[in-house]
Amino acid sequence: MWLCSCAKPLTLQLQSRPPSSIHSHVRRVTVTTSTLSLRPSSTHVFTHNVHFQPKLKRASTTIRCSSALTPQLKSTLDKVITTNKVVLFMKGTKDFPQCGFSNTVVQILKSLNVPFEAIDILENDMLRQALKEYSSWPTFPQLYIEGEFFGGCDITVEAYQNGQLQELLEKAVLS
Amino acid sequence: MGVTKEQVESSLKAKLSPSHLEVSDTSGGCGASFVVEIVSEQFDGKRLLERHRMVNAALEEEMKEIHALSIKKTLTPEQWKQQQEFNQSNSAA
């Protein structure tokens, strides 16, 4: 099936991805998180990841058991998933998904005309690690509907095929 | 590096005692991508999300090296039987 052929389109997309999309995406996420977060330092975590990353990598190799999910990040995530009815944590952006599984879920949501917030976890490794704990889910994409973890790609596909996803999203959008 | 199909199978067998199990390595040899179909009594009364969580938990160690795990089916023996019968009657028709 096409959703499994992740590797080849990935390289193509990486090469053809215009640099401007990265910036516009970062800006978009910044707006989202800064409007949601109470403390300005939460925004910091999302936007200045380029500067934080080397430091984080060292920390994660020395203190393996330490949690990436800080209380501050947890409360930011709580706000992100409750303020937006549909949130997709994915690899890449809506327009440039970087993985076949993320792409599958984006296409499903787009086909259902559901407004959704997409957050690129490749932009921030700390967020990526923290979300695995936050959702108790080891992989991406991760779909949240009305503040609740709905599932990854397989669950979303199955629920789309049997109509449960449409039903749930309809309720979510109308509520 | 990588995980073998056998490792995935033995972890799933040990933790979920499946009555039917099909694991395929879709990585093309590097052992980083698998597709799983599993039938187990332990799924009884569990929602799809919980079932997937159980499979993920059973493969916790392996997941560190697996990049893509596609869980195609998580069924109870009863559901599996129904599906088999449905498929048979469909192919006979």
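So, here's what we can say about the structure.

Cut-offs applied
- Residues numbered from 1 in each chain as written.
- Chains lettered and ligands numbered in written order.
- Predicted model: local features only at pLDDT ≥ 70, side-chain atom pairs only at ≥ 80, totals over all residues.
- Heavy atoms only, no water.
- Helix = DSSP H or I, 4+ residues; strand = E, 2+ residues; numbered from the N terminus.
- Buried < 20%, exposed > 50% of the residue type's maximum accessible area, 1.4 Å probe, protein only.
- Contact = heavy atoms within 4.5 Å.
- Areas by Shrake-Rupley, 256 points an atom, 1.4 Å probe, with all protein chains shown as cover.
- Pairing = 2+ DSSP bridges.
- Axes fitted to C-alpha atoms, helices over the stretch in contact; angles between N-to-C directions.
- Core = buried A, V, L, I, M, F, W, Y, C linked by side-chain atoms within 4.5 Å.
- Parallel < 35°, antiparallel > 145°, perpendicular 65-115°, else oblique.
- Buried area = accessible area lost by both parts, 1.4 Å probe.
- Salt bridge = Lys/Arg side-chain N within 4 Å of Asp/Glu carboxyl O.
- Polar contact = N/O pair within 3.5 Å; in protein donor to acceptor, adjacent residues only side chain to side chain.
- Nonpolar A, V, L, I, M, F, W, Y, C, P; charged D, E, K, R; others polar.

## Some details on the overall build of chain A
Phase 1 of the analysis: Broken down by element type, chain A carries nine helices and four strands.
Phase 2 of the analysis: Helices and strands in chain A line up, N terminus first, as α-α-α-α-α-β-α-β-α-β-β-α-α.
Phase 3 of the analysis: For chain A, the proportion of its 175 residues judged to be buried stands at 45%.
Phase 4 of the analysis: Here the analysis covers contacts within chain A between residues at least 6 apart in sequence; of these, 67% occur between residues at least 24 apart.
Phase 5 of the analysis: As displayed, chain A offers around 9,300 Å² of accessible surface, 59% of which is attributable to carbon and sulfur atoms.

## Details of the sheet that holds strand E4 (residues 148-151) of chain A
All names here are of chain A.
Phase 1 of the analysis: If you trace the four strands from one edge of the open sheet to the other, you get E2-E1-E3-E4, paired in mixed fashion. A strand with exactly one partner marks an edge of an open sheet, and here the two such strands are strand E2 (117-120) and E4. Averaged over all pairs of adjacent strands, the angle between strand axes in this sheet comes to 25 degrees, irrespective of strand direction.
Phase 2 of the analysis: Where strand E3 (residues 142-145) meets E4, three bridges bridge the pair, whose relative direction is antiparallel. By the bridge assignment for E4, Tyr144 is matched with Phe149.
Phase 3 of the analysis: Sheet contacts for helix H6 (residues 100-111): strand E1 (86-90) and E3; angle to E1, the most-contacted strand, approximately 160 degrees.

## Thoughts on the nonpolar core
Phase 1 of the analysis: Ranked by size, the top nonpolar core spans 42 residues in total, and within it A:Leu77, A:Leu88, A:Phe89, A:Leu109, A:Leu131, A:Leu143 and A:Leu165 carry the most contacts.
Phase 2 of the analysis: In this view, A:Leu131 contacts A:Leu77, A:Phe89, A:Ile121, A:Ser136, A:Phe140 and A:Gln142; residues no more than four positions away in its chain are not counted.
Phase 3 of the analysis: B:Leu21, B:Phe34, B:Ile66 and B:Leu69 belong to the second-largest nonpolar core, a separate cluster that totals 18 residues.

## Quick look at the packing of helix H5 (residues 71-83) of chain A against helix H7 (residues 125-135) of chain A
All names here are of chain A.
Phase 1 of the analysis: Where H5 meets H7, the axes come as close as 11 Å, and the angle between the chain directions of the two elements is 75 degrees. It follows that H5 is roughly perpendicular to H7 by the angle criterion. For the pair H5 and H7, the contacting residues are Leu73, Lys74, Leu77, Asp78 and Ile81 in the first and Met126, Leu127, Ala130, Leu131 and Tyr134 in the second.

## Quick notes on the sheet that holds strand E2 (residues 33-39) of chain B
Strands belonging to one sheet form pairs held by backbone hydrogen bonds; the direction of such a pair is parallel or antiparallel.
All names here are of chain B.
Phase 1 of the analysis: Ordered in space as E1-E2-E3, the three strands form an open sheet in which the pairing is mixed. Two strands in the sheet have a free side with no partner beyond their single neighbour: strand E1 (20-25) and strand E3 (68-75). Taking each pair of neighbouring strands and ignoring which way they run, the sheet shows an average axis angle of 10 degrees.
Phase 2 of the analysis: Pairing of E1 with E2 involves six bridges; the strand directions are antiparallel. Its bridge partner being in E2, Val23 is matched across the sheet by Val36.
Phase 3 of the analysis: Contacting E1 and E2, helix H1 (residues 5-16) crosses the sheet at an angle of about 155 degrees to E1.

## Some thoughts on the environment of B:Phe43
Residue and element names in this part refer to chain B.
Phase 1 of the analysis: Tracing the chain through its elements places Phe43 in the loop between E2 and helix H2 (48-58).
Phase 2 of the analysis: In this structure Phe43 comes out as buried when scored by relative accessible area, which is 0%.
Phase 3 of the analysis: Expressed as a C-alpha distance, the spacing of Phe43 and Pro77, which sit 34 residues apart in the sequence, is 8.9 Å.
Phase 4 of the analysis: Other than its neighbours up to four places away in sequence, Phe43 contacts Leu16, Ile38, Arg51, Met54, Val55, Thr74, Leu75 and Thr76.

## A word on the interface of chain B and chain A
Phase 1 of the analysis: In this complex, chain B contributes twelve residues to the contact, which on the side of chain A involves 13 residues.
Phase 2 of the analysis: Considering only the side of chain B, the residues that lose the most area to chain A are B:Leu48, B:Leu49 and B:Arg53, jointly responsible for 39% of the buried surface there.
Phase 3 of the analysis: Between A:Asp154 and B:Lys72 there is a salt bridge; the shortest N-O distance is 3.5 Å.
Phase 4 of the analysis: Our count for the chain B to chain A interface comes out at four residue pairs in polar contact (both at pLDDT 80 or more).
Phase 5 of the analysis: Looking at the side of chain B that touches chain A, the elements that each hand over two or more residues are H2 and E3 of chain B.
Phase 6 of the analysis: Residues belonging to the side of chain B that touches chain A are distributed by class as follows: six nonpolar, four polar and two charged.

## Some words on the environment of B:Gly31
Residue and element names in this part refer to chain B.
Phase 1 of the analysis: Inspection of the secondary structure puts Gly31 in the loop between E1 and E2.
Phase 2 of the analysis: In this structure Gly31 comes out as buried when scored by relative accessible area, which is 2%.
Phase 3 of the analysis: Through-space distance from the C-alpha of Gly31 to that of Glu65 is 8.2 Å; in sequence the pair is 34 residues apart.
Phase 4 of the analysis: Residues contacting Gly31, with those up to four places away along its chain left out, are Gly2, Val3, Asp25 and Glu65.

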